[in-house]
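# Observations on chain architecture
Single-letter residue listing:
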Amino acid sequence: MFRLSRFMEALRDGGPVPVPRKPPGPVVIWNLIRRCNLNCKHCYSTSTDTDFKGELSTQEIFGVLEQLRAAHVPALILSGGEPLLRPDLYEIATRAHAMGFHLSLSSNGTLFNAEHAARAKEAGFDYVGVSLDGLQSTHDAFRRKENAFANALSGLRVARDAGLRVGVRMTLTEANAAELPAVVTLTEAENIDKFYLSHFNYAGRGHKYRRDHPQHLAARKTLDWLFEHVWARTQAGQAGDFVTGNNDADGVYLLLWIARRFPERVADMRQRLVNWGGNASGVNVANIDNLGNVHPDTMWWHVTLGNVRERPFGEIWADRSHPLMAGLKASPRPLEGRCGLCKQRDICNGNTRSRAFSVSGDYWAEDPGCYLSDEEIGIAALTPAA
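As a starting point, this report considers the structure included with it. (Residues numbered from 1 in each chain as written. Predicted model: local features only at pLDDT ≥ 70, side-chain atom pairs only at ≥ 80, totals over all residues. Heavy atoms only, no water.)

## Structural notes on the overall build of the chain
Counting secondary structure elements, the chain contains 15 helices and ten strands. The C-alpha radius of gyration of the chain comes to 20 Å, within 12% of the 21 Å expected for a compact globule of 386 residues. Within the chain, buried positions represent 56% of all 386 residues. Partitioning the intrachain contacts of the chain with sequence separation of at least 6 by distance along the chain shows that 73% fall at a separation of at least 24. Counting every atom, the chain has about 16200 Å² of accessible surface; 52% of that belongs to carbon and sulfur. Averaged over its 44 positive side-chain charges, the chain has a centre that lies 1 Å from the centre of its 43 negative ones. (Helix = DSSP H or I, 4+ residues; strand = E, 2+ residues; numbered from the N terminus. Rg over C-alpha atoms; globule rule 2.2 N^0.38 Å. Buried < 20%, exposed > 50% of the residue type's maximum accessible area, 1.4 Å probe, protein only. Contact = heavy atoms within 4.5 Å. Areas by Shrake-Rupley, 256 points an atom, 1.4 Å probe, with all protein chains shown as cover. Lys, Arg positive; Asp, Glu negative; His and termini not counted. Charge placed at Lys NZ, Arg CZ, Asp CG, Glu CD.)

Written out as structure tokens, the structure is:
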């Protein structure tokens, strides 16, 4: 995750460059349930409104919480499917909060009402994130359900008014890129200070919609707008909490933006970006699915590293016998193509490997989602001009 607001504040304030952060264990995104009341086009878990067999029981989940504590996991993001459909959600959350985990809820928001808000607050959730993938017609089309937008916005408001910290997520595709400013404006009008822009990734049901990935020029224009917007907020002392994800080239693109605007700050800001570390899949980010399978992140459901019913999470996570995990944990990673030649790879750490694999079948091929030119990443064109 690229914390844009924090880098903009560092650009404004200067000061010492912080050392690289080394969390004691990975943040775990945990898909507690696969059932969902929606049928979204870009769902990485290919969820639908039906029960899935073999999901972890409440007592099994309590046991896995002990495994995660032993592995020094600092934070959990409880997700789905739609986690509100799991009857024991708040029992699980209460136990996790009491064990000291930082606790987030990832929901589509449509079912979130006053009762859920009260129970979520009592259980100890630190954050609730809800997706808005455009304004009403666009969002409803993505979610393939009428009134999904209105219900999600209602859920956000109920959570906010209950005193929960809330945020808006938006998945960027060609179909909704033009609506980013409007969604940000709406978020700010609702007094919500966290906004997460997720680049489209080719996983789950989203694999079938690869052609919806925004063209590189559109992605650059979107980031240009977001950088200027967050910088203006930062100068006004209201940076908020803007983050991006699923395209670590955003860090390099910010450095290029800084080079044009504040060339005297390139050296220290580049070091800050290097110390951030770029893509963290398989290192500082992990995923457990509804069946207890462990994956390098949520976009790698086709690669299972082990199952928490059979081996403790800590043993699975430390095991480098799988070639994907060996490469993800390597420094530098064994990148190929443009990514292998890139002079900025120490910032992005090879970007999103699951997107590269989805297109090429090779874990280490170049990421087709990188919107930077050969010149910007310091390499000669790989194919000669005609």
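## Points about helix α7 (residues 180–189)
Considered for burial, the residues of α7 that qualify are Leu180, Val183, Val184, Leu186 and Thr187. Buried residues in α7, looked at end-on, bunch into an arc of 160°, giving them a common side. Considering only its buried residues, α7 is in contact with α6 (148–161), β5 (166–172), β6 (194–199), α8 (216–235) and β7 (241–245). Downstream of α7 by a residue or two, Asn191 has a phi angle that is positive, lying close to 60°. (Arc of directions from axis to C-beta.)

## Concerning the environment of Gly282
Turning to its location among the elements, Gly282 is positioned in the loop between α10 (266–276) and β8 (285–288). Remark: the alpha-carbon pair of Gly282 and Asp297, spanning 15 residues in sequence, is separated by 6.7 Å. Dropping the residues within four chain positions of it, Gly282 is found in contact with Pro296, Trp317, Met325, Leu328 and Lys329.

## Looking at the packing of helix α1 (residues 4–13) against α10
The geometry of α1 relative to α10 is characterised by a closest axis approach of 11 Å and an angle of 150° between their N-to-C directions. As judged from the angle between their axes, α1 and α10 are roughly antiparallel. Crossing hand, α1 versus α10: right-handed. Residues Phe7, Ala10 and Leu11 of α1 touch α10, and the partners they reach there are Met269, Arg272, Leu273 and Trp276. Partitioned by chemical class, the residues of the contact of α1 with α10 number six nonpolar, no polar and one charged. (Axes fitted to C-alpha atoms, helices over the stretch in contact; angles between N-to-C directions. Parallel < 35°, antiparallel > 145°, perpendicular 65-115°, else oblique. Left-handed = near helix turned anticlockwise from the far one by under 90°. Nonpolar A, V, L, I, M, F, W, Y, C, P; charged D, E, K, R; others polar.)

## Focus: the sheet that holds β8
Strand order across the open sheet formed by ten strands is β7-β6-β5-β4-β3-β2-β1-β8-β9-β10, with mixed pairing between neighbours. Looking at strand neighbours, the two that pair on one side only are β7 and β10 (306–307), the edges of this open sheet. Relative to β7, β6 runs parallel, the two being bridged by five bridges. Paired with Lys194 across the strands is Asp241, a residue of β7. (Pairing = 2+ DSSP bridges.)

Honestly, that's just the spatial picture; any functional story needs more than this.
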